[in-house]
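# An overview of the molecular structure
Listed below are the residues making up each chain.
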Amino acid sequence: MQLRNLAPIPELYVSYESAQKLKVEAADLTSWDLTPRQICDLDLLMNGGFNPLKGFLGEDDYNGVVENMRLADGTLWPMPITLDISEKFAERVEPGQDIALRDQEGVILATMTVTDKWSPDKAREAECVFGADDLAHPAVNYLHNTAGKVYLGGPVVGIHQPVHYDFRARRDTPNELRAYFRKLGWRRIVAFQTRNPLHRAHQELTFRAAKEAQANLLIHPVVGMTKPGDVDHFTRVRCYEAVLDKYPASTTSMSLLNLAMRMAGPREALWHALIRANHGCTHMIVGRDHAGPGKNSLGEDFYGPYDAQDLVREHQEEAGIEMVDFKHMVYVQERAQYEPADEVEKGATVLNISGTELRRRLREGLEIPEWFSFPEVVTQLRGRYPPRSQQGFTVFFTGFSGSGKSTIANALMVKLMEMGGRPVTLLDGDIVRKNLSSELGFSKEHRDLNIRRIGYVASEITKNGGIAICAPIAPYATTRRAVREDVEAFGAFIEVHVATTIEECERRDRKGLYKLAREGKIKEFTGISDPYDVPVDPELSVETENVEVDHCAHQVILTLESLGLIAA
Ligand code: PPS
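These lines cover the structure that appears in this document, whether it is placed above or below. (Residues numbered from 1 in each chain as written. Predicted model: local features only at pLDDT ≥ 70, side-chain atom pairs only at ≥ 80, totals over all residues. Heavy atoms only, no water.)

### A look at the overall build of the protein
In terms of helices and strands, the protein carries 20 helices and 20 strands. Its C-alpha atoms put the protein at 90 × 70 × 45 Å along the principal axes. Looking at the protein as a whole, 53% of its 568 residues qualify as buried. When contacts within the protein are restricted to residue pairs at least 6 apart in sequence, long-range pairs at least 24 apart make up 73% of them. (Helix = DSSP H or I, 4+ residues; strand = E, 2+ residues; numbered from the N terminus. Buried < 20%, exposed > 50% of the residue type's maximum accessible area, 1.4 Å probe, protein only. Contact = heavy atoms within 4.5 Å.)

### Quick word on the environment of Val-157
Relative to the helices and strands, Val-157 is located in strand S7 (residues 150–158). Taking C-alpha positions, Val-157 is 15 Å from Leu-34, a pair spaced 123 residues apart along the chain. Setting aside anything within four residues of it in sequence, one finds Val-157 in contact with Leu-12, Val-14, Leu-22, Leu-109, Ala-110 and Thr-111.

### Thoughts on the pairing of strand S16 (residues 393–398)
Of all six residues in S16, six are buried; the element is thus mostly enclosed. Alternating positions in S16 separate into two faces, Phe-393, Val-395 and Phe-397 on one and Thr-394, Phe-396 and Thr-398 on the other, with burial throughout. Pairing of S16 with strand S18 (residues 467–471) involves four bridges; the strand directions are parallel. By the bridge assignment, Val-395 is partnered in S18 with Ile-469. Note that S16 and strand S19 (residues 492–498) share six bridges and pair parallel. (Pairing = 2+ DSSP bridges.)

### With respect to the sheet that holds strand S15 (residues 350–351)
With respect to topology, three strands assemble into an open sheet ordered S14-S13-S15, the strand pairing being antiparallel. Sheet topology places strand S14 (337–340) and S15 at the edges, where each strand pairs with a single neighbour. Summarising the sheet, strand S13 (residues 329–332) and S14 pair through four bridges and their orientation is antiparallel. Each residue of the ladder has a partner; that of Tyr-331, found in S14, is Tyr-338. Contacts from helix H8 (residues 200–212) reach S13 and S14, with the element oriented near 55° to S14. (Axes fitted to C-alpha atoms, helices over the stretch in contact; angles between N-to-C directions.)

### Focus: the site of the ligand
Taken together, 22 residues lie around the ligand, and Ser-401, Arg-433, Arg-447, Ala-474 and Glu-524 are the ones closest in. Here an oxygen atom of the ligand sits 2.9 Å away from a polar atom, N or O, in the side chain of Lys-405. In the environment of the ligand, an oxygen atom lies 2.7 Å from a nitrogen or oxygen atom belonging to the side chain of Arg-433. Across the complex, the protein chains shield 92% of the 630 Å² of accessible surface that the ligand would expose by itself. Within the shell around the ligand, the residues separate by chemical class into nine nonpolar, six polar and seven charged. (Near = heavy atom within 4 Å. Polar contact = N/O pair within 3.5 Å; in protein donor to acceptor, adjacent residues only side chain to side chain. Areas by Shrake-Rupley, 256 points an atom, 1.4 Å probe, with all protein chains shown as cover. Nonpolar A, V, L, I, M, F, W, Y, C, P; charged D, E, K, R; others polar.)

So this is what it looks like as structure tokens:
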């Protein structure tokens, strides 16, 4: 007998022949270039992951979902799947019109017949769906600051699956997974949703959950969009592959889910359950604070730790999937094994390493014990997060023309090259202006552009483990701050203020520019006829009057040592 959970479910794709025809016809339609999040949503709409949705929500369905987690016909659906667009694009579209939906390279993935166009009340959406209109919630921030002001709704006709070049063999549609389970004779399948690397505690709890449910296990990690700051999915998938070998043979499988998470806690957990039911799973593990977004702007949790479990439990029958409680597993030293926290004998020594502590150990190259994780997983994480002494960084000198920036930067460069270990690149003001920014002048706009270019190159160098030394004037604090943010996404940013006074620079006047500036022959000259924002809190400030260049460069080296960026 065919089990209901493993029978094929409806997809929104047309046949191959119809798709070829439709692609040609759709080329003339007004088209919308989908955002990364919309591509994830469309992927799951078209392949049945969001079954029973037939397209992006219309206004009535949207209102129902926002207010009481139900479509207009009463079907349970907790998450608004909306096509947000700009006001400018909205002017070109009217209900009744067909539009083409394209990916970021312009490939037509689907057409949509627009049935509804409206401007949503985003504050209400935030309150109802995410529990608070608070920008500290990543999805609320997205709603207000990234999503367009207008929503379109209507049924979608699928033409082409979004293209993925990575881990192709690990990605499955709901029907592919159902067919796989049928083929293996798996009848009861428990899904484990995750957006983090798996360590020993996760392996233990998933294994126990599967045993408890007398089910096979599907590790079903999200690789679409997760919480900003999460470990990238490339690293995570390599970690999951390593952990897969630790389960008893033929009990466990892994498939990647191209979902864009919202971090909506309870509603998200219920949404995850419906998605897993669509993928043929009979059970899903729900943990403490499932899909939690972190703290709100008052420093409190957005949701109670068990709100997600309560909501899923309440609706599991209707959702067609059973919840398995997450057991909080802890390592008991005396017994050298993981046990559910509520079963640990009184007086036993319980060991734990928090996420923050793990990141600290990685950053500082400290030991990560075997009881905590698998050596293969640790190797992957160490490759992605090398200790500070192996990470890239940027030293950013700022100061007046003639202050000595270039001279100190050159001395620093050769000292770092003498030490070896990392490639060093010098982005000196004059050199950048000759090569990268030759068309730019010295207006505020041009200076900003020049500094942002330097910041971009420095952030790429930092990302790839090199040392970037920048030495422009960089007179504006806001631009320096923007560059700091660009670089700090990948490594350390050390701002060095070369604090030579304007009087001293003018007295030196090595290039004769101050004289020309005083005579009005050079306009907008920093310190004379253009402002310089003195750095308020640089990592280092160096005086150059009566001080040797070598000593100045050495001060930078000492700062780098104290930050753990170079070995003492
Ligand atoms: S900025 O403001 O950061 O974009 O400037 P930067 O790219 O560092 O370029 C500064 C060098 O250009 C020369 N120069 C001027 N500096 C300041 N103001 C004006 N109007 C100007 N015109 C030309 C000057 O020689 C700077 O070189 P350094 O190495 O700083 O002495």
